[in-house]
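Commentary on secondary and tertiary structure
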Amino acid sequence: YGRGFFFSLQTNMRFAPIVLVAALCITLQRVLVAATYGIDISSPISEGTAACLRNNGYTFAIVRGGTEVGNVDSAEYGSVGNLWAAGFAHVDVYMFPCVRCGNPRGQVQNAVNAFRSHGLKFGMLWFDIEVSDWGSCDGNYAFVQDRVAEAQAMGVNIGIYTNANNWSQIMCGRSGFQSIPLWY
């Protein structure tokens, strides 16, 4: 009995790498199947285009809601509604900053009030933090902090869109927004 068990265990150990690879493939397949397909939209799309995207597996969209010059992107109002009508599970909006325009709180107020007054439903408002026309590290940090504070005061779910290089250049490596979701 003992010898047969040893032989059986030894034989099965030869197959351990195969079993491990098979288990890894099954796990990877489950992860890939669970992926969400999303799209970043910066120009108006029709309901037909939104339906086409949805029929091809897209269920998540982030639509530009604010331009680099501080304007609300009213051309996208229809896109948000068209995405919901097409059956998207999640529709968010993002805003570029306009540092030279000043008034970060006012920029957030203008955008959120415009979205709300047009009946736009969105899940999150993402603040785009990319290299463009920023100022000093202290000024940049204060600008983002004011935007975050205003959005939170208005009851808006927010996130930050950036990458390591942009964040490092703009915020000089500062932290302080760890509780906010990151789109990276």
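Rules and cut-offs
Residues numbered from 1 in each chain as written. Predicted model: local features only at pLDDT ≥ 70, side-chain atom pairs only at ≥ 80, totals over all residues. Heavy atoms only, no water. Phe/Tyr/Trp six-rings, centres within 6.5 Å; stacked < 30°, edge-to-face > 60°. Buried < 20%, exposed > 50% of the residue type's maximum accessible area, 1.4 Å probe, protein only. Disulfide = S-S within 2.5 Å. 1 Å grid on protein atoms, 1.4 Å probe; cavity = no way out; pocket = protein on both sides within 12 Å on 5 of 7 lines; lining within 4 Å. Points joined across faces, edges and corners; volume = space filled by probe spheres on them. Helix = DSSP H or I, 4+ residues; strand = E, 2+ residues; numbered from the N terminus. Nonpolar A, V, L, I, M, F, W, Y, C, P; charged D, E, K, R; others polar. Pairing = 2+ DSSP bridges. Contact = heavy atoms within 4.5 Å. Axes fitted to C-alpha atoms, helices over the stretch in contact; angles between N-to-C directions. pLDDT = per-residue confidence, 0-100. Right-handed = clockwise from strand over helix to strand, strands pointing away.

Enumeration over the complete set of coordinates arrives at 9 aromatic pairs. Consider the rings of Trp134 and Phe143, whose centres lie 6.0 Å apart with planes at 85°: the pair is edge-to-face. Of the residues examined, Trp134 reaches a relative accessible area of 14% and is grouped as buried. Ring geometry for Tyr161 against Trp183: centres 4.3 Å apart, planes inclined by 55°, an arrangement best described as tilted.

Here the focus is the state of the cysteines. Within this structure, the stated rule accounts for 2 disulfides. A sulfur-sulfur separation of 2.0 Å characterises the disulfide bridge that pairs Cys98 with Cys101. Because the torsion about its S-S bond is 60°, the bridge between Cys98 and Cys101 counts as right-handed. Bonded cysteines in the protein are paired 1-2, 3-4 when counted in the order they occur along the chain.

Per the counting criterion, the structure on display carries 1 cavity of 30 Å³ or more. The calculated volume of the largest cavity comes to roughly 30 Å³. Around the largest cavity, the lining residues are Val63, Arg64, Gly65, Asp73, Glu76, Tyr77, Val80, Val93, Phe115 and Leu120. The biggest single contributor to the lining of the largest cavity is strand 2 (residues 58-66), with 3 residues. Across the lining of the largest cavity, the residue classes tally to 6 nonpolar, 1 polar and 3 charged.

Here we take up the sheet that holds strand 2. Pairing in this open sheet of 6 strands is parallel, and the strands run 1-2-3-4-5-6 from one edge to the other. One side of each edge strand has no neighbouring strand; the edge strands of this open sheet are strand 1 (37-41) and strand 6 (182-183). Note: strand 3 (residues 90-95) against strand 4 (residues 125-128), 3 bridges, orientation parallel. Note on strand 4: the bridge partner recorded for Val93 is Leu125. Helix-sheet contacts for helix 4 (residues 77-85) involve strand 1, strand 2 and strand 3, and the interaxial angle to strand 3 is about 160°.

Bringing the confidence of the model for the protein into the picture now. Chain-level statistics for the protein give a pLDDT mean of 84 and a share of 81% at 70 or above. The low-confidence segment residues 1-13 (pLDDT under 50) makes 0 contacts with residues lying over four places distant or belonging to another chain. Overall, residues 15-25 carries pLDDT values under 50, and its contacts beyond four positions in sequence, including any with other chains, amount to 0 contacts.

The two faces of a sheet get side chains in turn, since along a regular strand they alternate between them. In terms of residue burial, strand 3 counts as a mostly covered element, since 5 of its 6 residues are buried. Alignment of strand 2 against strand 3, held across 6 bridges, turns out to be parallel. Across the sheet, Gly66 pairs through a bridge with Met95, a residue of strand 3. In this region the chain leaves strand 3, passes through helix 5 (residues 104-117) and returns to the parallel neighbour strand 4; the handedness of that crossover is right-handed.

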